[in-house]
2 protein chains.
Amino acid sequence: MYRAPLAEIAFTLKHVAGLGDLQAMPGHEDLTDDLVDAILAEAARFAAEEIAPLNAVSDRAGATFSDGSVTTTPGWRDCYHRWIEGGWNALPSSPDHGGQGLPLMLYAATLEMWNSASMAFALGPTLTVGAVEALDKHASAELKSRYLDKLVSGEWMGTMNLTEPQAGSDLNALKARAERRPDGTYRIFGQKIFITYGEHDITDNIVHLVLARLPDAPAGTRGISLFLVPKFLVNEDGSLGARNDVRCAGVEHKLGIHGSPTCTMIYGDGEGAIGWLVGEENRGLACMFTMMNNARLAVGIQGLGIAERAFQQALAYALDRRQGRAPGDAGEGMSAIAGHPDIKRSLLFMQARTQVARAICFACAHAIDMASLATDPEAKAHWSDRAGLLTPIAKALSTDIGVEVASTGVQIHGGMGYIEETGAAQHLRDARIAPIYEGTNGIQAIDLVQRKLPLAGGAHVRGFIANLAALAKEAAGSNQPDLGAVAPVLEEAVADLAVATEWLLQAQADGRTAEALSGATPYLRLAGLTLGAALLVKGALRSDPADAVAAARRRLLARFFADTALRETAALKADVVGSAQAILAFDPQALAS
Amino acid sequence: MYRAPLAEIAFTLKHVAGLGDLQAMPGHEDLTDDLVDAILAEAARFAAEEIAPLNAVSDRAGATFSDGSVTTTPGWRDCYHRWIEGGWNALPSSPDHGGQGLPLMLYAATLEMWNSASMAFALGPTLTVGAVEALDKHASAELKSRYLDKLVSGEWMGTMNLTEPQAGSDLNALKARAERRPDGTYRIFGQKIFITYGEHDITDNIVHLVLARLPDAPAGTRGISLFLVPKFLVNEDGSLGARNDVRCAGVEHKLGIHGSPTCTMIYGDGEGAIGWLVGEENRGLACMFTMMNNARLAVGIQGLGIAERAFQQALAYALDRRQGRAPGDAGEGMSAIAGHPDIKRSLLFMQARTQVARAICFACAHAIDMASLATDPEAKAHWSDRAGLLTPIAKALSTDIGVEVASTGVQIHGGMGYIEETGAAQHLRDARIAPIYEGTNGIQAIDLVQRKLPLAGGAHVRGFIANLAALAKEAAGSNQPDLGAVAPVLEEAVADLAVATEWLLQAQADGRTAEALSGATPYLRLAGLTLGAALLVKGALRSDPADAVAAARRRLLARFFADTALRETAALKADVVGSAQAILAFDPQALAS
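Residues numbered from 1 in each chain as written. Chains lettered and ligands numbered in written order. Predicted model: local features only at pLDDT ≥ 70, side-chain atom pairs only at ≥ 80, totals over all residues. Heavy atoms only, no water.

## A look at the interface of chain B and chain A
Taken together, the contact between chain B and chain A spans 84 residues of the former and 83 residues of the latter. Around 7000 Å² of area is buried between chain B and chain A when both sides are counted, 64% of it from carbon and sulfur atoms. A per-residue breakdown of the area chain B buries against chain A is headed by Arg345, Tyr418 and Phe586 of chain B, which together make up 12% of the total. Counting the contacts that link chain B with chain A gives 2 salt bridges. For Arg345 of chain B, the salt bridge identified is with Asp575 of chain A, shortest N-O distance 2.9 Å. Here chain B is connected to chain A by 40 residue pairs in polar contact (both at pLDDT 80 or more). For the side of chain B that touches chain A, the element with the most residues is helix H11 (residues 341-373) of chain B, which contributes 7 residues. In the side of chain B that touches chain A, the residues fall into 40 nonpolar, 24 polar and 20 charged. (Contact = heavy atoms within 4.5 Å. Buried area = accessible area lost by both parts, 1.4 Å probe. Salt bridge = Lys/Arg side-chain N within 4 Å of Asp/Glu carboxyl O. Polar contact = N/O pair within 3.5 Å; in protein donor to acceptor, adjacent residues only side chain to side chain. Helix = DSSP H or I, 4+ residues; strand = E, 2+ residues; numbered from the N terminus. Nonpolar A, V, L, I, M, F, W, Y, C, P; charged D, E, K, R; others polar.)

## Looking at the packing of helix H1 (residues 6-16) of chain B against H11 of chain B
Residues and elements named next belong to chain B. Closest axis-to-axis distance for the H1/H11 pair is 10 Å, and the angle between their directions is 45°. Judged on the interaxial angle alone, H11 and H1 are oblique. Regarding H1 and H11, the two cross each other, and that crossing is right-handed. Seen from H1, the contacting residues are Glu8, Ile9, Thr12, Leu13 and Val16; seen from H11, they are Gln355, Arg358, Ala359 and Phe362. Looking at side-chain class alone, the contact of H1 with H11 contains 5 nonpolar, 2 polar and 2 charged residues. (Axes fitted to C-alpha atoms, helices over the stretch in contact; angles between N-to-C directions. Parallel < 35°, antiparallel > 145°, perpendicular 65-115°, else oblique. Left-handed = near helix turned anticlockwise from the far one by under 90°.)

## Some words on the nonpolar core
The biggest cluster of nonpolar side chains holds 377 residues, and the ones touching the most others in it are Trp114, Leu347 and Tyr523 of chain A together with Trp114, Leu347 and Tyr523 of chain B. Setting aside residues up to four positions removed in sequence, Leu347 of chain A forms contacts with Phe311, Ala314, Leu315, Ala318, Ala338 and Ile412 of chain A together with Phe586 and Pro588 of chain B. Membership of the second largest hydrophobic core comes to 20 residues, among which are Ile188, Tyr267, Ala273 and Leu277 of chain A. (Core = buried A, V, L, I, M, F, W, Y, C linked by side-chain atoms within 4.5 Å. Buried < 20%, exposed > 50% of the residue type's maximum accessible area, 1.4 Å probe, protein only.)

So this is what it looks like as structure tokens:
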């Protein structure tokens, strides 16, 4: 059972993340509140009625491999085709190729629902959208005309082929190779692993984007090129031709997302897989990076989607399951466990963190949209920097939240949570990949500290912190119940964030890189919790006073978060500025003897 | 691959947890350091060579159910029989029935190794030891003579049958019923769920301890009796007789510990299962409670065991896997990921928490031993209270640590961590049950706040806090590297613990029960982190200066823990004393509409 939290999604888009900024942009006159609400409502229906029932089935059946072919869960293919008929795959893509050209914010909101319904289902189209984006920005007109319309509609799916056994986080070590052919095509050879939806029975063709090296390429990441390699070659009239020299050698047996095939792909068993260059030779990684922000945000939204689903399931269980007598319960017999203070704490923990993830992910989508839509160069630079700053936070914090919330959901179920048929454990298993792929959360933290803090010479992050301080000040002056108690905690958190930020900027300016990197993970957490609290506060402040119930609920969430998680910022600040000595003195090799 | 951390286990027993107190007891002259070391070394060998290789196999094969029978993993039964031949099952039991009568501290140390080797394997004997304890304390001489020797040796295994579908944490709701028979036996009827090793092919007989109600029993937990119900009746000569009217109706499909069958048991399909009363009628729960401390500690040790295993695996991977270039690495090519500061942080996180769990679990075992061995009534009362105070902390903190450390282990493996064949994910799946069973960690926190803080009118917990303060003071005066930086953080943490403790005692004295219960979970965490830090400091202080490497390593662990986790105590204190308002204002039912 999943029911999309439509009211909270719409409120967060409109009143927390800043949808109004987009609606005020020239050319976005059609993006009315009514249109937004209608899109969300229909997505909610499809997610709940069509996708969600397949989630547990796909976990048990999994995608299976046999003799080079992958068979997805029964019902999966039909569901996908109904989904693309609804136009959902085309939602964020350019109208030039049949897309609906809707903002990323709307895409993020629908993506939350697809992931809540089934992360394994949502994952495939997420990769296709990434491929569309890379091709739209970098492919030749010829490639676009042959592939893009069908990828935008979803008639074909796309994949991303980066990882090799020796090259995961570090693409310098990439070995797949490409050879130039006189006809302007290339032949691709090599093995790629962990390829999501690398092979399947859902669509008639699969369009692989593959990183490989030319023979004369420089070493390292400046010698990597990007190629389009279709499973079936495409004739000039768009019909499918011969099978290309690419095959799936197996699928992984994973902890979760069993419905999503994770493939080992072999390119060039024979003559070599025929590929077409995307962008310029040796500039493949730059092509990949253009879509990195969006892909990382999409993974953050997986954490959000799982958290929401796990919360709904735990809430339903806690209201139904009766054990013991809660203090103050005047009823007969046992109390619903939701009445016990410790379970209330757990439910609030889940609800507050889920909303924090939602607000941050939608705010990140807003920044990406603004960076894309703004015409004023200063505004464009500002929003581009903001998107850069928010992306690692959205990815890492939201995926950590996905795991934390799903694990708390298991706990609320007690012994039943450990039994697979209950479904609570699947959420934890599914959620656990998100902190790992698309750049581990450790790499997100390093990205935040090494590449994002120094943006605009540190001025951008300082402006960001000033924005949070302004929200704390507004809360302090609001005279609203609960927010008066929240404001000083948020003010302290913002001050902690400022201190840790300056320390990291200085450490890097001084060339103390290892010290700065030692504090990266707690710094990201510090920034994320503070931002999350500020956005909960913003939600409370922007609530319609006429909807007193929702306004009180948002104030309570902000209050709970301030009383619990936000208090951690002092410890995180101390960790950032104080733990490098112990960390750098540690020699893991000495333990191995 | 598992290798028992023998040096650290022995050091923790002797110099942190207080094995010397037991060695100084009259009648323990044989418990020499040499004997202890010999026992640990042989357990380490058996765990690493015989049990550990079965762990992954048992996860994949699982225990299977067919037609009332349960088949365990190939090799499981043989391994068990070699294990009992080694006398390991008999280690903690009374010599009156063939046991070795060794202290619980030694049992705890060996149990860590069995659980590191395979938690699913160690779980069965843990239940048998619980059954032995209950019978030894409460059963008639007749029952003892018929069952105890074979349970102590491990020739038969024992089970605990408490849970029913409607009665989990709340045994008031228990419905299984018992009828008196003229011959002094009873007939038992009812369904029990989640019965660990309820049915299997390992031993020829299984001795079930079953909670049930007599027809005229009072309602609630004061009307529950404990019965011994063997799978096969036992003739006077000790040979096996007829099959009793008890059967396994199925096994659960669980997230982890697949090697351990979790059974639904049906008592009394026909005439009723023949049972014998243990202890007095309607006093069954009291019988169960006598072994509760030990069972809860044993579950805490599961968290410890998994944490150690996960740490070893992650360390080995991090030393082997090469990606990127660590700051300051002057070598060629890619660095081992163990050289990256963020991975060092993760490894230290795992190592420090594992040692915290070890120190707390062994200290808890020490208190239980002292309570049992002390002859002076005041000392006995003191150690009994201390065991009561430490048990919920050992259970909850160590099992949370098991999950945290196993999850960090998955993360260090990157994408490989999500692939089941790597084995890292199994540790996370196995570890996830421990915070749930034997009283959820929420219930441990409630136990700590409601029953343990008020011991001796609050004087006991105040004395405990004074012990921690003394360690902080000793660190401050030690003039040892790192410890000077640790001492003030530990002092602050102890002060935070004292404030939170007094607040909870006062809240309960005032009858503000719901407020106190709202803060139970962060209070347990606060107490556990502070105790853990104090014991890391104690380890550093008690290290042999001649072993400079080990001493420096222990100081570094204490330093790292103080710079990171221990800083959280201020937030936890604020949470304990400040979050009740938001929690109690929260109405989960209002979200369901």
